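Letter by letter, the chains look like this.
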Amino acid sequence: MSGAALGIEIVVVFFLALFLLHRYGDFKKQQRMVLFGTLLAWYLCFLIVFILPLDVSTTIYRQCEQDHKEQASVPALVSPLSNRTIVNTTAAPTKSVRTLCHKPWSYIPDGIMPVFWRVVYWTSQCLTWLLLPFMQSYARSGGFSITGKIKTALIENAIYYGTYLLIFGSLLIYVAVHPELRLSWYELQTIGITAANTWGLFLLVLLLGYGLVEIPRSYWNSSRHGHLLVKTYFKASKLMTEKADAEENLEDVMEEVRKVSESIKYNHPLRKYIDTILRKCPLDYQEKMGRNMDDYEDFDDKQNTYPTEKSLVKLHKQVIYAVQRHNRTRVQWQILLQQAIHLEDVAKNETSSTHQFVHSFPSSEPAGWFSRYIYTPTVEWYWECFLKRWFYRLLSIVLTLFSVVVVWSECTFFSTRPVLSLFAIFIQLAERDYNYLYIEMACFITIFFLCTCVYSTVFRIRVFNYYYLASHHQTDAYSLQFSGMLFCRLTPPLCLNFLGLIHMDSAISHQEKLQTAYTSIMGSMRVLSFIANGFYIYYPMLIVILCIATYFSLGTRCLNLLGFQQFMDDSEMTSDLIDEGKELIRREKRKRQRIEDGENRRREWKERYGNPREDYAARNRSSHEMKETSYSDTVSSSNSRQAKYSRSGSRAERDRIELLQDAEPLDFNAEALTDDPLDAESGRHSGGRYLSMSSSRSRIFDDI
């Protein structure tokens, strides 16, 4: 099993990062460079989190071997029957028994982990500080060529990269002026790593303090169906406002595109740029602009003023942003509408005596084997109305206990005698018995919880419309790459903080212990003692203040005072938005109900009479053929046969008319006329139509 665990986790983590990227990104529309850069950043960060427990267990085993080699008076013997190193410690004055160092099942051979961490760490740092900022500007650029996009990206990042060069040059000059410092390349590298980790730790504590409180509270609120439904109404009101603003912005941009498209004719040198912009527009706008164009007119440079290439680049950038925002709000509205309808169904079914879950709008797709045999309506009722809330409450209590343990350990991890950090106590207890599986599971659960608190905050925060991670493939390229930058900057200090919590970082715990391979790559923090002994120890204590501020929703209240409407139970504006959202959901439900009723009537029509147009054509063909074949028959027999067919046909017509009369009330404001022969035969005035009828007979039950 040597190295097998490392290979398995590398593959599993890759598919995990790919799954998340597929959920938030769009593989079909977004640029391959954007997807690859984001996938690589997420993959490397998740890889560090999943591999670090293996590094801890391997380090504990190596520490055991080193201690026994120092104490033993005879060389260690490796048993050929098992992966155990047997050490005779009879020469030691304090030990007279034979001890065993069990080799962990996930042991990684020497020399692999240092190379692995070096490649992963420096690749992630190159991504976050050099490549991803450049790729952000490249993807957001409105240029029409690769060269133009690269030029724009370099100009936008000139100040960004110039700051790095200025800091590095100042450091070199300072070292050259003071020869007594004699900083080696290793020490300069350590200073750079320390500076990056310090910046990351500053942001890490802010995000962690929010997540430690908000994640348990979110699960507790999810168990309160009434609270969740009211908050959904609030979100619906805000999202509708954003959706209307996005539609208005899109119309303004499309109007500008239309004006530019009409002014630049087919033989203008800038026409190729207009065609590129038009391809980014929605299809309905493309059709409207295509109908209004007259490509047979030549352009005249003397009479008209034409936009410049720079203005077209700006317009191209606006079109990309407006279309993406419009699509995102439209998809989010449909998802939020479905959530609100489901929560209302849960509220209605809670008082059901049949204990069977009934949906307001059942799915039109046939039920699969899982819904038929396992997740039946009875099982769904017990889960949605009874078990789910208790499961969320229990999960919230467990996460709250984890948060308390993290806060306590963050405030006491610097104390080694006595050991106050609970995570360090757990690991040391398992280390005495060399229970490597328990060590790896404890490390993985701890670091996974820390990453969940930090990364979930990254996925939740929203900086206006510039940074926003939206699921269902609605995240733009800029936000995807910005999230990759944050992950690469937060993960290394997060791992160092975790190693400090379990007393595996000698720079913080000040213990003479064997360092992990990850810590050896980070370098010795003793080069900057004021950071190792001050900032890294005392700054995480601020997490207590941040947790208290999050618990009392101080940030939400401040945003509400600044004019950014937030969900607050004691706010009058919140109540107004809740009422507005409730009315919006009710309106959408009525609209969906009308559509569903129309589909049901159309389906009933087809089942009873088939397609009216096809039946009418079939009757005409049959009567024509009948007249040709019966031309030589007598007049009396022909008349009786035709009367027979006309009686059957008129009866079917009367049935159709009776069905239409019961459909919906009349609409006498209709302006369009209909050519339906059914109306002519029944004597109905062409100006009066049913609300559900259109001029086409095949769409006779379409709702308006």
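Computed from a predicted structure; not experimentally measured.

Cut-offs used in this document
Residues numbered from 1 in each chain as written. Predicted model: local features only at pLDDT ≥ 70, side-chain atom pairs only at ≥ 80, totals over all residues. Heavy atoms only, no water. Helix = DSSP H or I, 4+ residues; strand = E, 2+ residues; numbered from the N terminus. Buried < 20%, exposed > 50% of the residue type's maximum accessible area, 1.4 Å probe, protein only. Contact = heavy atoms within 4.5 Å. Areas by Shrake-Rupley, 256 points an atom, 1.4 Å probe, with all protein chains shown as cover. UniProt positions renumbered as here; feature names shortened; annotations may be inferred. Axes fitted to C-alpha atoms, helices over the stretch in contact; angles between N-to-C directions. Parallel < 35°, antiparallel > 145°, perpendicular 65-115°, else oblique. Left-handed = near helix turned anticlockwise from the far one by under 90°. Nonpolar A, V, L, I, M, F, W, Y, C, P; charged D, E, K, R; others polar. Salt bridge = Lys/Arg side-chain N within 4 Å of Asp/Glu carboxyl O. Phe/Tyr/Trp six-rings, centres within 6.5 Å; stacked < 30°, edge-to-face > 60°. Lys NZ or Arg CZ within 6 Å of the ring centre and 35° of its normal. Expected span 1.5 Å × (residues − 1). Bend = angle between axes of the 7 residues up to and from the residue. Patch = residues over 30% accessible without salt bridge, like charges linked within 9 Å, V, L, I, M, F, W, Y side chains within 5 Å. Lys, Arg positive; Asp, Glu negative; His and termini not counted. Charge placed at Lys NZ, Arg CZ, Asp CG, Glu CD. Core = buried A, V, L, I, M, F, W, Y, C linked by side-chain atoms within 4.5 Å. Disulfide = S-S within 2.5 Å. pLDDT = per-residue confidence, 0-100.

Some details on the overall build of the protein
A count of helical and extended segments in the protein gives 24 helices and 7 strands. Scored against the burial criterion, the 704 residues of the protein give a buried share of 42%. Looking at the protein alone, contacts between residues at least 24 apart form 73% of all its contacts between residues at least 6 apart. With an accessible surface of roughly 39,300 Å², the protein has 60% of that area assigned to carbon and sulfur atoms.

Points about the UniProt feature "coiled-coil region" (unreviewed entry) in the protein
Mapped onto this structure's residue numbering, the UniProt feature "coiled-coil region" (unreviewed entry) falls at residues 236-263. Its end C-alpha atoms 40 Å apart, residues 236-263 is made of 100% helix and 0% strand.

Examining the packing of helix α13 (residues 422-433) against helix α14 (residues 436-460)
Taken N-terminus to C-terminus, the directions of α13 and α14 make an angle of 165 degrees; their axes are 9 Å apart at the nearest point. In this view, α13 runs roughly antiparallel relative to α14, as classed from their interaxial angle. When you trace α13 past α14, the crossing you get is left-handed. The segment α13 lies against α14, with Phe423, Phe426, Ile427, Ala430 and Glu431 engaging Tyr438, Ile439, Ala442, Cys443 and Thr446. When grouped by side-chain class, the residues that make up the contact of α13 with α14 number 8 nonpolar, 1 polar and 1 charged.

A short note on the environment of Ile548
If you trace the backbone, Ile548 turns up in helix α19 (residues 543-551). On the basis of relative accessibility, which here comes to 47%, the residue Ile548 falls in the partly exposed class. When the C-alpha atoms of Ile548 and Gly209 are compared, they prove to be 8.7 Å apart, with 339 residues separating the residues in sequence.

Let's talk about the pattern of salt bridges
Throughout the structure, instances matching the rule amount to 17 salt bridges. With a shortest N-O distance of 3.9 Å, Asp110 and Arg62 are connected by a salt bridge. With Asp110 in the loop between β3 (99-102) and α3 (112-140) and Arg62 in helix α2 (residues 32-71), the pair connects residues that are 48 residues apart, well separated along the chain. Residues Arg325 and Asp245 are paired through a salt bridge, measuring 2.7 Å at the closest nitrogen-oxygen approach. Here Asp245 lies in helix α7 (residues 225-263) and Arg325 lies in helix α10 (residues 309-349), a separation of 80 residues in the sequence. Taking the relative accessible area as the measure of exposure, Arg325 reaches 8% and is therefore buried. Asp245 sits in the partly exposed class, given a relative accessible area of 36%. Three or more residues are tied together by salt bridges with common partners; here these are Glu242, Arg328 and Arg462.

Considering the packing of aromatic side chains
Applying the stated rule across the entire model yields 31 aromatic pairs. Measuring from ring centre to ring centre gives 6.0 Å for Phe370 and Tyr375, while their planes differ by 15 degrees; the resulting arrangement is stacked. Aromatic side chains Tyr551 and Phe552 sit 5.1 Å apart centroid to centroid with 90 degrees between the ring planes, which places their arrangement in the edge-to-face category. The structure contains a cluster of three or more aromatic residues connected by ring pairs, namely Tyr24, Trp42, Phe46, Tyr455, Phe459 and Phe487. Over the ring of Trp129 we find Arg489, and its NZ or CZ is 4.0 Å from the ring centre. The positively charged end of Arg592 is found above the aromatic ring belonging to Phe361, 5.6 Å away from the centroid.

Details of unusual backbone geometry
Geometrically, the link from Arg417 to Pro418 is a cis peptide bond, its omega value of 0 degrees lying close to zero. Within the element layout of this structure, Pro418 appears in the loop between α12 (377-412) and α13. For His355, which is not glycine, the phi dihedral falls at a positive 60 degrees. Mapping His355 onto the fold places it in the loop between α10 and α11 (369-374). Overall, His355 belongs to the partly exposed group, its relative accessible area being 30%. Residues other than glycine seldom take positive phi values, yet His472 does so here, at roughly 60 degrees.

Structural notes on the environment of Tyr321
By the secondary structure assignment, Tyr321 is in helix α10. For the pair Tyr321 and Tyr466, spaced 145 residues apart in the sequence, the C-alpha separation amounts to 10.0 Å.

Remarks on the UniProt feature "transmembrane region" (unreviewed entry) in the protein
The positions UniProt marks with the feature "transmembrane region" (unreviewed entry) are residues 6-22, 34-52, 119-138, 158-177, 189-213, 390-408, 437-458 and 537-554. Annotation note: span residues 390-408, helix share 100%, strand share 0%, distance between end C-alpha atoms 27 Å. Between the end C-alpha atoms of residues 437-458 the distance is 31 Å, and the span holds 100% helix and 0% strand.

Observations regarding α2
Counted at 1.5 Å a residue, the expected span for α2 with its 40 residues is 58 Å, and the 57 Å between its end C-alpha atoms agrees. The sharpest bend along α2 reaches about 35 degrees and sits at Ile51, with the proline Pro53 one to four residues further on. With 30 of its 40 residues buried, α2 lies for the most part within the structure.

Describing a negative patch on the surface
On the surface, a cluster of negative charge is made up of Glu572, Asp576, Asp579 and Glu580. Looking at the secondary structure, you find Asp576 in helix α21 (residues 572-609).

Examining the nonpolar core
Counting residues in hydrophobic clusters, the biggest one holds 90 residues, and the most contacted among them are Trp42, Trp117, Leu212, Ile502 and Tyr518. With 19 residues, α2 is the single largest residue contributor to this core. Leaving out residues up to four positions away in the same chain, Ile502 has contacts with Val56, Phe423, Ala424, Ile427 and Cys443.

Quick look at the state of the cysteines
Tallying each qualifying case throughout the model produces 0 disulfides. With no disulfide of its own, Cys453 lies 9.0 Å from the sulfur of Cys547, the closest cysteine sulfur. Taking relative accessible area as the criterion, Cys453 reaches 0% and is therefore assigned buried.

A short note on a nonpolar patch on the surface
Nonpolar side chains collect at one region of the surface, where Leu542, Val544, Ile545, Ile548, Tyr551, Phe552 and Leu554 lie side by side and expose about 680 Å² of accessible area between them. Examining the composition of the nonpolar patch, we find that 4 residues originate from one element, α19, more than from any other. Here Leu542 is to be found in the loop between α18 (529-538) and α19. Accessibility expressed as a relative area gives 39% for Leu542, which makes it partly exposed.

Observations concerning the confidence of the model for the protein
Averaged over every residue, the pLDDT of the protein is 79; residues scoring 70 or more account for 76%. Here strand β7 (residues 689-690) is the element of the protein with the lowest mean pLDDT, 33, and α12 is the one with the highest, 93. Segment residues 76-98 is flagged for pLDDT under 50; beyond a separation of four residues in sequence, or across chains, it makes 39 contacts in the model. Note on residues 627-652: pLDDT under 50 across the span, and 6 contacts to partners over four residues away in sequence or across chains.

Topic: the environment of Asp569
Within the secondary structure, Asp569 sits in the loop between α20 (554-561) and α21. By relative accessible area, which is 62% here, Asp569 ends up exposed. Spatially, the C-alpha atom of Asp569 lies 9.8 Å from that of Val230, the residues being 339 residues apart in sequence.

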